[in-house]
Amino acid sequence: MNICEEVKDAGTIGISGHIRPDGDCVGSVMGLYLYLKKACPGARVEVFLEKPADIFSCIRSVQEIHTDFTTDIESFDVFFSLDTAKNRLGEAEKYFDGAKKKINIDHHISNKGCGDVNYIDSKASSTSELIYNGIDKAMLDEEIAKALYIGIIHDTGVFQYSNTAPSTLRAAAELTSYGFDFSKLIDETFYEKSYVQNQILGRALLESIMFMDGKCVVSMIDRKTMKFYRAVPQDLEGIVSQLRNTRGVECAIFMYQTDTLEYKVSLRSNGKVNVAEIASFFGGGGHVRAAGVTMPGTFYDIINNLSARIEIQLKESEKNVSRNS
Ligand code: AMP
Ligand code: MN
């Protein structure tokens, strides 16, 4: 995709990403925003997103995001949905629906494309890498590079996950040549945790339960505990990755309570279990090794429902192994 070609006649351009924005969502949205402001000086560009975590305040112009989702533009000439299909745009969905041209850029395998123009590549490490591919490299600068780099490191776990491809590393290498302090950026946006985040991580690990002969591990944080630590959902990021690091585990589940009988569930796999399929089955989505879904019921209802699906997949993968050996 050549992004400039797609927006060349637009007077108004809107950009948004998914609810509860993560690093790739913020990085791709802000990277595209900074790029379009520079590449299309005649257009009015507006960006809508829930307030990003404080760690992302190092990104240029992050304070220009319309976190209240208001604008006087009635219908955008072009509207971008990044890192998600339109169903998780939250309050920005109405701007996407009302736009003259809708563009969807994403790397989630569960997204079938919801725009007039779709650039969906489930093999890409991140939406930020797709934005990098779509921009005119002559327009790149330190601030755009930094935003896209943040997106890439967050969705690849700093180039650790299997979604890291040679093209990802080439893009990252090129981005680092713009001179920002990448080492500091990785530390401050990815590894550094607040005291509360570390405490609640410890609590979740301490209370985790192994099941299915040690192939699965689950942990949960309820509303009472979140209140006790004064934690917000963003403070829980990374817990599920730590659970997945348990030796022998094929599938890790972390959930936090969002209502009396509702939980936000994060699923991570070490390859044998396709968690995108499981999350999609219950109305969520994501990638083969990292997916999410919001589910109704008690903690035990949810575990029962999920483990039935995980078991089917583990049996399938065992069958495939014995067939191939
Ligand atoms: P999370 O467990 O929330 O960190 O999400 C893991 C991956 O799945 C991320 O790439 C999310 O964007 C995606 N994801 C999470 N929840 C959903 C959902 N309800 N629908 C579609 N994708 C999701
Ligand atoms: Mn992403």
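In what follows, the structure referred to is the one given above.
Residues numbered from 1 in each chain as written. Chains lettered and ligands numbered in written order. Predicted model: local features only at pLDDT ≥ 70, side-chain atom pairs only at ≥ 80, totals over all residues. Heavy atoms only, no water.

Draft legend 1. Examining the sheet that holds strand β2 (residues 44-48) more closely. With parallel pairing, the five strands of this open sheet are ordered in space as β2-β1-β3-β4-β5. Each edge of the open sheet is held by one strand with a lone partner, namely β2 and β5 (117-120). The sheet shows a mean angle of 15 degrees between the axes of neighbouring strands, direction not considered. Bridge analysis of strand β1 (residues 12-16) against strand β3 (residues 78-82) gives four bridges, and the strand direction is parallel. Paired with I13 across the strands is V78, a residue of β3. Against the sheet, helix α4 (residues 127-134) engages β3, β4 (101-106) and β5, with an angle of about 120 degrees to β4. (Pairing = 2+ DSSP bridges. Helix = DSSP H or I, 4+ residues; strand = E, 2+ residues; numbered from the N terminus. Axes fitted to C-alpha atoms, helices over the stretch in contact; angles between N-to-C directions. Contact = heavy atoms within 4.5 Å.)

Draft legend 2. Structural context of the side chain of N104. In this structure, N104 sits in strand β4. Of the polar contacts made by the side chain of N104, one reaches the backbone oxygen of T84; its length is 2.9 Å. Look past the residues within four positions of N104 in its chain and what remains in contact with it is S81, T84, A85, N111, G113, C114, G115, V117, N118, Y119 and I120. (Polar contact = N/O pair within 3.5 Å; in protein donor to acceptor, adjacent residues only side chain to side chain.)

Draft legend 3. Inspection of unusual backbone geometry at higher detail. Of note, F69 is a non-glycine position whose phi angle comes to about 60 degrees, a positive value. With respect to the helices and strands, the residue F69 is situated in the loop between β2 and β3. Although it is not a glycine, D213 sits at a positive phi angle of roughly 55 degrees. Tracing the backbone shows D213 in the loop between β6 (209-211) and β7 (216-221).

Draft legend 4. Broad picture of the packing of helix α5 (residues 142-156) against helix α7 (residues 182-191). Relative orientation of the contacting elements α5 and α7 amounts to 55 degrees, with a least axis distance of 11 Å. Classified by the angle between their axes, α5 and α7 sit oblique to one another. The handedness of the crossing between α5 and α7 comes out as right-handed. The segment α5 lies against α7, with K146, Y149, I150, I153 and H154 engaging F182, L185, I186, T189 and F190. By residue class, the composition of the contact of α5 with α7 is seven nonpolar, two polar and one charged. (Parallel < 35°, antiparallel > 145°, perpendicular 65-115°, else oblique. Left-handed = near helix turned anticlockwise from the far one by under 90°. Nonpolar A, V, L, I, M, F, W, Y, C, P; charged D, E, K, R; others polar.)

Draft legend 5. Structural view of the site of ligand 1. Taken together, 13 residues lie around ligand 1, and R88, H108, K264, S266 and R268 are the ones closest in. In this structure, R88 approaches ligand 1 through a side-chain N or O atom, which is 3.0 Å from an oxygen atom. A distance of 3.5 Å separates an oxygen atom of ligand 1 from a polar atom in the backbone of A291. Contact with the protein chains covers 81% of the free accessible surface of ligand 1, which is 480 Å². Those elements that place two or more of their residues in the shell around ligand 1 are β9 (262-269), β10 (285-286) and β11 (290-296). For the shell around ligand 1, the element with the most residues is β11, which contributes four residues. In the shell around ligand 1, the residues fall into three nonpolar, seven polar and three charged. (Near = heavy atom within 4 Å. Areas by Shrake-Rupley, 256 points an atom, 1.4 Å probe, with all protein chains shown as cover.)

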